[in-house]
Amino acid sequence: MALYSASAEDLDTTDCFLDFQEIGCDYPGAVCQDPRFVGGDGIAFYFHGRKDQDFCLVSDSNVHINAHFIGKRNPKLTRDYTWVQSIGILFDNHKVVVSVKKASSWDDNVDRLAISVDDKPLDLPKDEASTWRAPNASPSVTITRTRKANSVKVEIVNNFRVTTTVVPIMEHEAKVHNYDINVNEDCFAHLELEFKFYNLTDAVDGVLGQTYRSNYVIKAKISSAMPVMGGVENYKLSNLLSTDCATSKFGSVKGAEISKNRGNEFDYSSLCCSSGIKGNGIVCKR
C-alpha cells in the first residue's frame with residue numbers, strides 16, 4: 001500500500017472526532033514531562049536516556065516504536081534533562097514519523113508538527129478532525145488532527161493508537177526546574193504522548209512496552225521521590241527508525257508464539273483509581 005499518497009479522497013475534514021481528550025499524563029501509556037512514564041501496570045517512573053539519542057519505547061512482534069530525545073546538560077547533575085522530540089513507528093513494512101520542529105518562541109496557533117509516512121512528508125490540513133486514511137490499507141491506518149495545530153492521533157486498527165501533542169518549556173517552568181535554558185532562543189518544544197495498545201504479546205519489550213507483560217516487576221525504586229528506570233544501553237538505537245536495540249522483538253516469530261494476547265485484558269482508557277492517581281508511584285488494577 002502506498003501510505004504516503006495523500007490524494008483528495010484520502011483526506012477528510014468533515015468527520016467529527018468526538019472521543020478526543022487532553023493527553024492523560026497520569027494514566028497508563030502516558031509519556032510526558034522530562035520524560036515521566038506511566039506503565040501498563042499503572043506505576044509511574046522516569047527514564048532520562050540521553051540527549052540527542054534514540055531509544056526503544058515499545059518493541060513487539062507486530063509494532064516497534066522509538067523516540068528521539070532532545071535535552072540540556074546540567075553540570076550539577078550526572079544526567080541530562082531530556083524530552084521526547086520525535087517518535088518513529090514501524091509496523092508491517094511501513095514507517096511513520098511524528099516530529100516537533102524547533103521553536104524559538106511559542107504560539108499555540110503555529111503548527112510545529114512534521115509528519116512523514118514511508119519517508120514521504122504528509123501535509124495534513126490545519127482543521128480539527130482532518131483525517132488522512134491510507135488508501136486500500138489493511139489493517140486500516142489513519143492520522144487525525146485532534147486540534148487545528150500541534151496534536152495528532154495515529155491509529156493502526158487492532159494494533160495501537162497514540163495521541164501526540166506538542167508542548168513547550170515556558171519561562172516559569174524552566175526556572176522552577178532549574179533547566180538553565182533561554183526559552184526565547186529555544187523553548188525545547190517536545191511531544192507528550194498517550195498510547196493505547198490492542199494486541200500486545202507477552203514478549204513485548206522496550207522502556208514502556210515491558211510494563212505490559214503479565215509477569216513484569218518494575219526495576220525502579222518506586223519509594224523514591226523520582227523513580228528512575230535504568231538500563232539505558234538496553235534500549236539505545238542507532239537511529240530513530242532502527243530496530244537494533246538489545247531488547248528488540250519486532251518481527252519475532254518466537255514472540256508471537258508465546259503471546260498471551262493480553263493487549264485487551266484491561267481497558268485503561270477509562271481507568272480511574274479511587275485512591276488518587278498522583279504520587280511517586282501509582283498502582284491501580286481492577
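Note that this is a predicted model, so its numbers are computed, not measured. (Residues numbered from 1 in each chain as written. Predicted model: local features only at pLDDT ≥ 70, side-chain atom pairs only at ≥ 80, totals over all residues. Heavy atoms only, no water.)

Peer 1: How would you summarise the side chain of Arg213 if you had to cite specific residues and measurements?
Peer 2: Residue position: Arg213 is located in the loop between strand 15 (190-197) and helix 2 (232-235). For Arg213, a relative accessible area of 18% puts it in the buried group. (Helix = DSSP H or I, 4+ residues; strand = E, 2+ residues; numbered from the N terminus. Buried < 20%, exposed > 50% of the residue type's maximum accessible area, 1.4 Å probe, protein only.)

Peer 1: Can you break down the pairing of strand 9 (residues 113-117) residue by residue, with the values?
Peer 2: With four of its five residues buried, strand 9 lies for the most part within the structure. If you look at the hairpin formed by strand 9 and strand 10 (residues 120-121), you'll find two residues sitting between the two strands, and Asp118 has a positive phi there, around 50 degrees. (Pairing = 2+ DSSP bridges.)

Peer 1: Pulling in residues and values, what's your account of the state of the cysteines?
Peer 2: By definition, a disulfide links two cysteine residues through a covalent bond between their sulfur atoms. Across all of its chains, the model carries one disulfide by this definition. The side chain of Cys25 participates in a disulfide bridge whose partner is Cys32; the two sulfur atoms lie 2.2 Å from each other. On the S-S bond that ties Cys25 to Cys32, the torsion sits near -85 degrees, and the link is left-handed. Its sulfur unpaired, Cys56 is 3.6 Å from the next cysteine sulfur, which belongs to Cys245. (Disulfide = S-S within 2.5 Å.)

Peer 1: Tell me about the confidence of the model for the protein chain, and name the residues and values.
Peer 2: Chain-level pLDDT for the protein chain is 83 on average; 80% of the residues reach the 70-or-more range. pLDDT under 50 marks residues 11-21. Its contacts with residues more than four places away, or in other chains, come to 23 contacts. (pLDDT = per-residue confidence, 0-100. Contact = heavy atoms within 4.5 Å.)

Peer 1: So what's going on with the sheet that holds strand 16 (residues 236-237)? Which residues, and what values?
Peer 2: With respect to topology, seven strands assemble into an open sheet ordered 10-9-8-7-6-5-16, the strand pairing being antiparallel. For this open sheet the edge positions go to strand 10 and strand 16, each flanked by a neighbour on one side alone. As paired elements, strand 6 (residues 63-73) and strand 7 (residues 80-91) share 10 bridges and run antiparallel to each other. From the neighbouring strand, Gly71 faces strand 7, where its bridge partner is Thr82.

Peer 1: Any details on the nonpolar core? Residues and values, ideally.
Peer 2: Among the nonpolar cores identified, the biggest contains 62 residues, and Phe47, Ile87, Ile89, Ile143, Leu193, Phe195 and Phe197 are the most heavily contacted of them. Counting residues per element, this core draws most heavily on strand 7, which supplies six residues. Setting aside its immediate chain neighbours within four residues, Ile143 contacts Val96, Ile115, Val117, Leu122, Leu124, Ser130, Thr131, Trp132, Val152, Lys153 and Val154. (Core = buried A, V, L, I, M, F, W, Y, C linked by side-chain atoms within 4.5 Å.)

Peer 1: Tell me about the packing of aromatic side chains, and please be specific about residues and values.
Peer 2: Here the structure, examined in full by the defined rule, presents 11 aromatic pairs. When the ring of Phe47 is compared with that of Phe69, the centres are 6.1 Å apart and the planes differ by 75 degrees; the resulting orientation is edge-to-face. Of this pair, Phe47 sits in the loop between strand 4 (44-46) and strand 5 (53-60) while Phe69 is found in strand 6, placing the two residues 22 residues apart along the sequence. One exposure class covers both Phe47 and Phe69, and it is buried. Here the aromatic rings of Phe197 and Tyr212 are separated by 5.2 Å at their centres, their planes lie at 80 degrees, and the arrangement is edge-to-face. Taken as a pair, Phe197 in strand 15 and Tyr212 in the loop between strand 15 and helix 2 lie far apart in primary sequence, 15 residues in all. Feature note: the residues Phe37, Phe45, Phe47, Phe55, Phe69 and Tyr235 constitute an aromatic cluster, connected by ring pairs. (Phe/Tyr/Trp six-rings, centres within 6.5 Å; stacked < 30°, edge-to-face > 60°.)

Peer 1: Lay out the side chain of Asp118 in plain terms, naming residues and giving numbers.
Peer 2: Note that Asp118 resides in the loop between strand 9 and strand 10. For the buried Asp118, no salt bridge exists, and the shortest N-O distance to an oppositely charged side chain is 6.3 Å, to Lys95. Only 2.9 Å separates the side chain of Asp118 from the side chain of His94, close enough to count as a polar contact. (Lys, Arg positive; Asp, Glu negative; His and termini not counted. Salt bridge = Lys/Arg side-chain N within 4 Å of Asp/Glu carboxyl O. Polar contact = N/O pair within 3.5 Å; in protein donor to acceptor, adjacent residues only side chain to side chain.)

Peer 1: Describe the environment of Lys126, with residues and values.
Peer 2: Here Lys126 shows up in the loop between strand 10 and strand 11 (131-133). Residues Lys126 and Lys148 lie 22 residues apart in sequence; the distance between their C-alpha atoms is 4.9 Å. Not counting chain neighbours up to four residues away, the residues in contact with Lys126 comprise Asn109, Val110, Asp111, Arg145, Lys148 and Ala149. Polar contacts involving the side chain of Lys126 include one to the main-chain carbonyl oxygen of Asn109, which spans 2.7 Å.

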